[in-house]
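# Fold and contact review
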Amino acid sequence: MIAVGTAEVLLAQTPTIANALGHPSFPSRVIRLQPIGDRTTSPVVTAVAADPRGELLAAAGDDFGIRIIDVATLKVQHTLEGHRDLIRSLSFDNVGDSLVSAGNDGQLIIWDRKRSFEIGQRMQGTPALACVCFAPDGTKIAAVGFDPKVFIIGAIGNETPKFSCDCNDLRSIAYRDDMRVLAVGGRSGDLHLFDPQTGNLIAEPHLHSARIRDIAFHPHSNNVITVAEDGVVTVYDTLNQKKIHSVTVTSGRLFAIATIDSQHIAVAGSDNVIHIVNTDTGVIRHRLEGHVGTVSTLTATGGHLFSGGFDATLRRWSLDELHRSGSRIAEGTTPIER
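Residues numbered from 1 in each chain as written. Predicted model: local features only at pLDDT ≥ 70, side-chain atom pairs only at ≥ 80, totals over all residues. Heavy atoms only, no water.

Within the protein one finds one helix and 32 strands. Per-residue burial for the protein yields a buried fraction of 58% across its 338 residues. Carbon and sulfur atoms make up 45% of the accessible area of the protein, which totals about 13,100 Å². (Helix = DSSP H or I, 4+ residues; strand = E, 2+ residues; numbered from the N terminus. Buried < 20%, exposed > 50% of the residue type's maximum accessible area, 1.4 Å probe, protein only. Areas by Shrake-Rupley, 256 points an atom, 1.4 Å probe, with all protein chains shown as cover.)

With that settled, consider the sheet that holds strand β11 (residues 98-103). By definition, the strands of a sheet pair up through backbone hydrogen bonds, in either a parallel or an antiparallel sense. With antiparallel pairing, four strands are arranged side by side in an open sheet as β10-β11-β12-β13. Because the sheet does not close on itself, it has two edges, and the strands there are β10 (87-92) and β13 (118-123). If you compare each strand with its neighbour and ignore which way they point, the axes differ by 20 degrees on average. (Pairing = 2+ DSSP bridges. Axes fitted to C-alpha atoms, helices over the stretch in contact; angles between N-to-C directions.)

Counting residues in hydrophobic clusters, the biggest one holds 17 residues, and the most contacted among them are Val150, Ile173, Leu182 and Val184. If you list the elements that add at least two residues to this core, you get β14 (129-134), β15 (141-145), β16 (149-153), β18 (170-175) and β19 (182-186). Examining the composition of this core, we find that three residues originate from one element, β18, more than from any other. Dropping the residues within four chain positions of it, Leu182 is found in contact with Ala142, Val150, Ile152, Phe163, Ile173, Ala174, Tyr175, His192, Leu193, Phe194 and Pro196. (Core = buried A, V, L, I, M, F, W, Y, C linked by side-chain atoms within 4.5 Å. Contact = heavy atoms within 4.5 Å.)

With that settled, consider the UniProt feature "repeat: WD" (unreviewed entry) in the protein. Mapped onto this structure's residue numbering, the UniProt feature "repeat: WD" (unreviewed entry) falls at residues 80-112, 205-246 and 288-327. What you have in residues 80-112 is 0% helix and 58% strand, and the ends, taken at the C-alpha atoms, are 11 Å apart. (UniProt positions renumbered as here; feature names shortened; annotations may be inferred.)

With that settled, consider the side chain of His275. Residue placement: His275 occurs in strand β28 (residues 274-278). Here the side chain of His275 touches Asp271 through a polar contact of 2.9 Å, side chain to side chain. Once you skip the residues sitting within four places of it in the chain, His275 turns out to touch Val249, Thr250, Ile265, Ala266, Val267, Ile284, His286 and Arg287. (Polar contact = N/O pair within 3.5 Å; in protein donor to acceptor, adjacent residues only side chain to side chain.)

This part takes up the confidence of the model for the protein. Averaged over all residues, the pLDDT of the protein equals 87, while 85% of them reach at least 70. Contacts for the low-pLDDT stretch residues 1-24, under 50 throughout, to residues beyond four places or in other chains number 75 contacts. In the model, residues 327-338 has pLDDT below 50 throughout and makes 37 contacts with residues more than four positions away in sequence or in other chains. (pLDDT = per-residue confidence, 0-100.)

The next subject is the state of the cysteines. One pass over the structure, following the stated rule, counts zero disulfides. With no disulfide partner, Cys131 has as its closest neighbouring cysteine sulfur the one in Cys133, 6.0 Å distant. Taking the relative accessible area as the measure of exposure, Cys131 reaches 11% and is therefore buried. (Disulfide = S-S within 2.5 Å.)

Turning our attention to the environment of Asn168. Tracing the backbone shows Asn168 in the loop between β17 (159-164) and β18. A relative accessible area of 42% places Asn168 in the partly exposed class. With 19 residues separating them along the chain, Asn168 and Lys149 place their C-alpha atoms 8.4 Å apart. Contacts of Asn168, omitting those with residues within four sequence positions, involve Asp147, Pro148 and Arg187.

Moving on, we come to the pairing of strand β9 (residues 76-81). Across five bridges, strand β8 (residues 65-70) lies against β9 in antiparallel orientation. Residue pairing in the sheet places Ile69 in a bridge with Val76 of β9.

All told, the structure shown has 15 salt bridges when counted by the stated rule. Between Glu55 and Arg113 there is a salt bridge, with the nearest N and O atoms lying 2.7 Å from each other. Of this pair, Glu55 sits in the loop between β6 (45-50) and β7 (56-61) while Arg113 sits in the loop between β12 (108-112) and β13, placing them 58 residues apart in sequence. Of the residues examined, Glu55 reaches a relative accessible area of 39% and is grouped as partly exposed. Note that Arg287 and Glu289 form a salt bridge whose closest N and O atoms lie 2.9 Å from each other. Residue classification places Glu289 among the buried positions, given a relative accessible area of 17%. A cluster of three or more residues bridged by salt bridges with shared partners is formed by Asp169, Arg171, Arg187, Arg211, Arg213 and Glu229. (Salt bridge = Lys/Arg side-chain N within 4 Å of Asp/Glu carboxyl O.)

Remember that side chains alternate between the two faces of the sheet whenever the strand is regular. Of all the six residues making up β11, six are buried; the element is thus mostly covered by neighbouring parts of the structure. Burial of β11 is two-sided: the residues Ser98, Val100 and Ala102 facing one way and the residues Leu99, Ser101 and Gly103 facing the other way are all buried. Pairing between β10 and β11: five bridges, direction antiparallel. The partner of Ser91 across the bridge, within β11, is Val100. Linking β10 to β11, which pair antiparallel, is a turn of five residues; within it Gly96 sits at a positive phi near 85 degrees. Counting the residues between successive antiparallel strands, the hairpin from β11 to β12 contains four residues, one of them, Gly106, with a positive phi of roughly 70 degrees.

Structure, rendered in structure tokens:
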């Protein structure tokens, strides 16, 4: 782990332009991460995770480093090094004391916030991992990779695959808040719903015509949201086992979801646009434009939405106006001083 200064982040501001829905497209703060070592170009952002306290953001780059960024100032507090290949997934625990990272190198690393994000535990020997998440109570970690196995990792760090899907190339996994449902998605387009305690399959609805790339539950809700390479957002009631909405958002592929509030999500993918969707009505509310490459990762914290992607930028969008009026999303026009 290496501590770094404020020069790690460069800031810019994008202009306001009209979008296809007739609403203004909202400006964002643009963050370019400083490269590690001899590299001369900013890294592509491969994964982001929000601290549940709303204070920090973790952002991984294709230089295999993780930056810990202050949400308020956008200054990098730490750069974490330990992975040897692409980092695909990041997750904070429920209180924000631990960060877990995983990716192509078959390592799962837990970083200890109380010790300035030093490595607290390193687990090796797993296959390449596509998605990792803490259980809501922070006692377990669930992970999936590019085969049918589902890994449930306890506090002692022993990898114990308790169940698997009848589907290869798993890409996404998420717990429901009450820890009674674990949702897994992959190549088949089926959503696999398991009982985390027994490993029993609860349901297996076919929701998409292509690979599911991300899954998110609304907080304190039975409703799970999925996005897939068919460009569709699906809302599914895991309690009553029925589809609520299926919304075609783009003709491209969708890769990422971030929950904004109890009614809204942000989704993004290969069309370079972030779409804000009302999951109660199934209506697309806004389009956030500014990225000039695929948007591969999203997260929300502290009144802001963060997006990262193939254009080697991390962008911050303000959600304050959405919460206040439900009519627009806006970022302040005052430049940030470095």
